[in-house]
Amino acid sequence: MPTTPVDPARPWGFATEQVHAGAEPDDVHGARIPPVHLTAGFVFRDFEDARARFAGDDDGYVYSRLANPTLTAVERRVARLEGGRDALLVGSGQAAVTVALLGLLGAGDHLLSAASVYEGSRGLFRENFARMGVAVDFVPTGADGGTDLDAWRRLLRPTTRAVFLESIPNPKNDVPDLRAVADLAHERGVPVVVDNTLATPYLLRPLEHGADVVVHSASKFLAGHGAALGGVVVVGEGFDWAAGGRYPHLVDRSSGPSWTDRYGPRAYAEHARQVVAARLGPTLSPVNAFLLQQGLETLSLRVSRHVATALTLARWLEQQPEVVAVDHAGLASSPSHALAQRYLPRGAGSVFSVTVAGGEDGARAFVDAVRLFTRMSHLGDVRSLVLHPASTSHAHRSPAERAAAGIWPGLLRLSIGLEEPEDLLADLRLALDAVRDAVAEAAAPRPVGAAVPALVAAGVL
């Protein structure tokens, strides 16, 4: 039962990879599903075996904070699905972003990020990284809704050590021009890190479009059921980590052979695993890794259904009078539509935003009226979810900052699940009916002055 294609000239398809890649039947008992290895440490055969494992001369396991067989099987599978060389599982998506970037950045360095990113990543960069001495700039989306390459070029510095963006940004679905940004970064010798959570490798493989590192919140679509946290860092091939002296920690020989001496093109991946992740300790439980593995086996089936239903709902919402705007790159009206057709031919994802009439009052009416949509802060679940960013995830931004990011008072983020489209449409009709009533109530003339007591006495108020 091979873990790689029998015929190298004919690689496996995506659905085959998501079921078989990286996992072998248990060689002790013959279990077909890789077992959950619930152990903190691993037994050494003898004195020399322990020495060899710690020296890296033997690839046996040492401690689950460094590596665990359950995690290894999932790492191999995700790496194959993304078309990467190496992968590292960590405790959450936030941990994946942190580990990936701290493998590149140090005090005095500069991070250049797209402005349209998950609010947790933005806070990490602006506050936590700033305290470590890392500067950050955010590149706004272009005035036409596209990628403003001149802005990216202007904000690159001699000290820039990483470029970060999302393949499908959360929550605006404003797809960037990955290849153009990657080419610009590579001209300066800077690697590109892409958060591919909302696209998944089924819709888009950023490494094929110039990215060097891919991160995921595996808690979302990869796992798929909202039952487990996890994150993953995937490293591609081709970036020269020793060139230009930009990453001195990878070429330092003061204590012996450098990381590039020992691991060559895998230097960054091994440093991220052995130094950043192992020392900071964002270890993923083997149980969560097992749940992630189970989710991966149905990834393409789930995502194709998510995407088809989301586009159906987005098209319907766009036609409703209670809706001000729908931000979904699959719509012809989206400024990102042409880029989505280029990079996301299988669909522009299933997380998008809809802005309803009535501002916050309209949004409140919508959220309180839904019966099938779940009100919660999560994405990529089998269940459909709704959130009001302006009062939750983006509540700590100023009104001006929210306006600049397009987070309007009436904007709602939808994550479309696997329910029947007709049932979701019925729920949306209920919600929009409530929006219409809220708008009408707000527009109704208000009684003032001496008329109020009479209306109260008559039971009108």
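Rules behind the numbers
- Residues numbered from 1 in each chain as written.
- Predicted model: local features only at pLDDT ≥ 70, side-chain atom pairs only at ≥ 80, totals over all residues.
- Heavy atoms only, no water.
- Helix = DSSP H or I, 4+ residues; strand = E, 2+ residues; numbered from the N terminus.
- Buried < 20%, exposed > 50% of the residue type's maximum accessible area, 1.4 Å probe, protein only.
- Contact = heavy atoms within 4.5 Å.
- Areas by Shrake-Rupley, 256 points an atom, 1.4 Å probe, with all protein chains shown as cover.
- Lys, Arg positive; Asp, Glu negative; His and termini not counted.
- Charge placed at Lys NZ, Arg CZ, Asp CG, Glu CD.
- Expected span 1.5 Å × (residues − 1).
- Bend = angle between axes of the 7 residues up to and from the residue.
- Salt bridge = Lys/Arg side-chain N within 4 Å of Asp/Glu carboxyl O.
- Patch = residues over 30% accessible without salt bridge, like charges linked within 9 Å, V, L, I, M, F, W, Y side chains within 5 Å.
- Axes fitted to C-alpha atoms, helices over the stretch in contact; angles between N-to-C directions.
- Left-handed = near helix turned anticlockwise from the far one by under 90°.
- Nonpolar A, V, L, I, M, F, W, Y, C, P; charged D, E, K, R; others polar.

Caption draft 1: Here's a closer look at the overall build of the protein. Secondary structure assignment for the protein yields 18 helices and twelve strands. Of all 461 residues assigned to the protein, the portion counted as buried reaches 54%. Put simply, of all contacts in the protein between residues at least 6 apart along the chain, 71% involve residues at least 24 apart. As displayed, the protein has an accessible area near 20,400 Å², and 54% of this comes from carbon and sulfur atoms. Taking the 43 positively charged and 51 negatively charged side chains of the protein as two groups, their mean positions are separated by 2 Å.

Caption draft 2: Local environment of helix 11 (residues 267-280). Taking 1.5 Å as the rise per residue, helix 11 with 14 residues should run 20 Å; its terminal C-alpha atoms sit 18 Å apart, in good agreement. Of all the bends in helix 11, the greatest, near 30°, is centred on Arg 273. Among the 14 residues in helix 11, eleven count as buried, and that is most of the element.

Caption draft 3: Expanded view of the pattern of salt bridges. Applying the stated criterion across every chain yields a total of 25 salt bridges. As a salt-bridge pair, Glu 322 and Arg 436 come within 3.3 Å of each other at their nearest N and O atoms. In this pair, Glu 322 is assigned in the loop between helix 13 (299-318) and strand 8 (323-327) and Arg 436 in helix 17 (residues 421-443), connecting sequence segments 114 residues apart. Among the salt bridges present, the one from Arg 436 reaches Asp 433, with a minimum N-O distance of 3.0 Å. With Arg 436 and Asp 433 both in helix 17 and three residues apart, this pair spans about one turn of that helix. Put simply, Arg 45, Asp 49, Arg 53 and Asp 58 are held in one network by salt bridges that share partners.

Caption draft 4: A look at a nonpolar patch on the surface. The grouping of Val 36, Leu 38, Val 287 and Leu 291 at the surface amounts to a nonpolar patch, some 320 Å² of accessible area in total. Mapping Leu 38 onto the fold places it in the loop between helix 1 (14-20) and helix 2 (47-55).

Caption draft 5: Highlighting the packing of helix 13 against helix 17. At their nearest, the axes of helix 13 and helix 17 sit 11 Å apart, and the two run at 35° to each other. When the axes of helix 13 and helix 17 are compared, the crossing they make is right-handed. Residue-level inspection shows Arg 305, Thr 309, Leu 313, Trp 316 and Leu 317 of helix 13 in contact with helix 17, the latter providing Pro 421, Leu 424, Leu 425, Leu 428, Arg 429 and Leu 432. A breakdown of the residues in the contact of helix 13 with helix 17 according to their chemical character gives eight nonpolar, one polar and two charged.

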